[in-house]
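Summary of the model geometry
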Amino acid sequence: AQSVAQPEDQVNVAEGNPLTVKCTYSVSGNPYLFWYVQYPNRGLQFLLKYITGDNLVKGSYGFEAEFNKSQTSFHLKKPSALVSDSALYFCAGLKYNFNKFYFGSGTKLNVKP
Amino acid sequence: DVKVTQSSRYLVKRTGEKVFLECVQDMDHENMFWYRQDPGLGLRLIYFSYDVKMKEKGDIPEGYSVSREKKERFSLILESASTNQTSMYLCASSFRQGAEAFFGQGTRLTVV
């Protein structure tokens, strides 16, 4: 079965510190991988995606993600967290040539001043 | 910018009512999706459509149906609303296979 896992329900980090939100995937073939952010009572906003090529992908708002095929991971990172980054983050996988996204359960990021 | 618009932000309906949730996208996207989001369960796919009049069941289609008569519009129908369908409903669209999905702002439905 295809799936995406986010092992942490919540991540706490101080403003100015680096942040990492973890994601592992079990999607066959060469999957496409995505990160989304959701602010309270809003829809999901696309942050970045990995299709192929460079394992480090840069996205919106200073976020980046590192694809690691051997560890089947796609962790979201930011060098210096902002309080305004506090939100719910979702990782998603898409099997090549298919339409169905597999979403993780979400990780709540809390950035404290 | 891609815009995905859901007809209502908040809805309150009574048990047994037939409920229509409407979604419109303005970028000629082939694929459209309906998800529900519940705390601790993440996003679960209800239905998706890859073309006009074409649809496929997702993970939790029971109690729901969909309609896509025009490319830009994808409707979710709750045939007889029940309290366990109280949830946040999210519509999304994507240009083609492999492309990122763009989401609407969500409809928070409460069934009483």
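Preceding this section is the structure that the text describes.
Residues numbered from 1 in each chain as written. Chains lettered and ligands numbered in written order. Predicted model: local features only at pLDDT ≥ 70, side-chain atom pairs only at ≥ 80, totals over all residues. Heavy atoms only, no water.

Describing the overall build of chain A
Looking only at helices and strands, one finds zero helices and 12 strands in chain A. For chain A, the sequential pattern of α-helices and β-strands runs β-β-β-β-β-β-β-β-β-β-β-β. Taking 2.2 N^0.38 as the reference for a compact globule, 113 residues should give roughly 13 Å; the C-alpha atoms of chain A span a radius of gyration of 13 Å, in line with that estimate. Its C-alpha atoms give chain A principal-axis dimensions of about 40 × 30 × 20 Å. In chain A, 55% of the contacts between residues at least 6 apart in sequence involve partners at least 24 apart. Within the structure as shown, chain A displays about 5400 Å² of accessible surface, and the carbon and sulfur contribution to it stands at 49%. Here chain A holds 11 positive side-chain charges and 7 negative ones, and the gap between their average locations is 8 Å. (Helix = DSSP H or I, 4+ residues; strand = E, 2+ residues; numbered from the N terminus. Rg over C-alpha atoms; globule rule 2.2 N^0.38 Å. Contact = heavy atoms within 4.5 Å. Areas by Shrake-Rupley, 256 points an atom, 1.4 Å probe, with all protein chains shown as cover. Lys, Arg positive; Asp, Glu negative; His and termini not counted. Charge placed at Lys NZ, Arg CZ, Asp CG, Glu CD.)

What to know about the layout of surface pockets
Considering only enclosed or pocket space, the largest pocket measures out at about 490 Å³ in volume. Taken together, 22 residues line the largest pocket, and the ones lying closest to its centre are Gln 38, Leu 88 and Phe 90 of chain A together with Gln 37 and Pro 39 of chain B. Put simply, the parts of the chain that give the lining of the largest pocket at least two residues each are β10 (87–94) and β12 (107–112) of chain A together with β4 (31–38) of chain B. Partitioning the lining of the largest pocket into residue classes produces nine nonpolar, nine polar and four charged. (1 Å grid on protein atoms, 1.4 Å probe; cavity = no way out; pocket = protein on both sides within 12 Å on 5 of 7 lines; lining within 4 Å. Points joined across faces, edges and corners; volume = space filled by probe spheres on them. Nonpolar A, V, L, I, M, F, W, Y, C, P; charged D, E, K, R; others polar.)

Observations regarding the interface of chain A and chain B
In this complex, chain A contributes 21 residues to the contact, which on the side of chain B involves 23 residues. When chain A packs against chain B, the two sides together hide about 1900 Å² of surface, and 54% of this comes from carbon and sulfur. Interface area lost by chain A to chain B is led by Asn 41, Asn 99 and Lys 100 of chain A, which between them contribute 31%. Our count for the contact surface shared by chain A and chain B stands at two salt bridges. Close ionic contact of Lys 49 of chain A with Glu 100 of chain B constitutes a salt bridge, the shortest N to O distance being 2.6 Å. Linking chain A with chain B are seven residue pairs in polar contact (both at pLDDT 80 or more). Elements represented by at least two residues in the side of chain A that touches chain B include exactly β5 (32–38), β6 (44–50), β10 and β11 (101–103) of chain A. In terms of residue count, the dominant contributor to the side of chain A that touches chain B is β5 of chain A (four residues). Residues that form the side of chain A that touches chain B fall into these classes: 11 nonpolar, seven polar and three charged. (Buried area = accessible area lost by both parts, 1.4 Å probe. Salt bridge = Lys/Arg side-chain N within 4 Å of Asp/Glu carboxyl O. Polar contact = N/O pair within 3.5 Å; in protein donor to acceptor, adjacent residues only side chain to side chain.)

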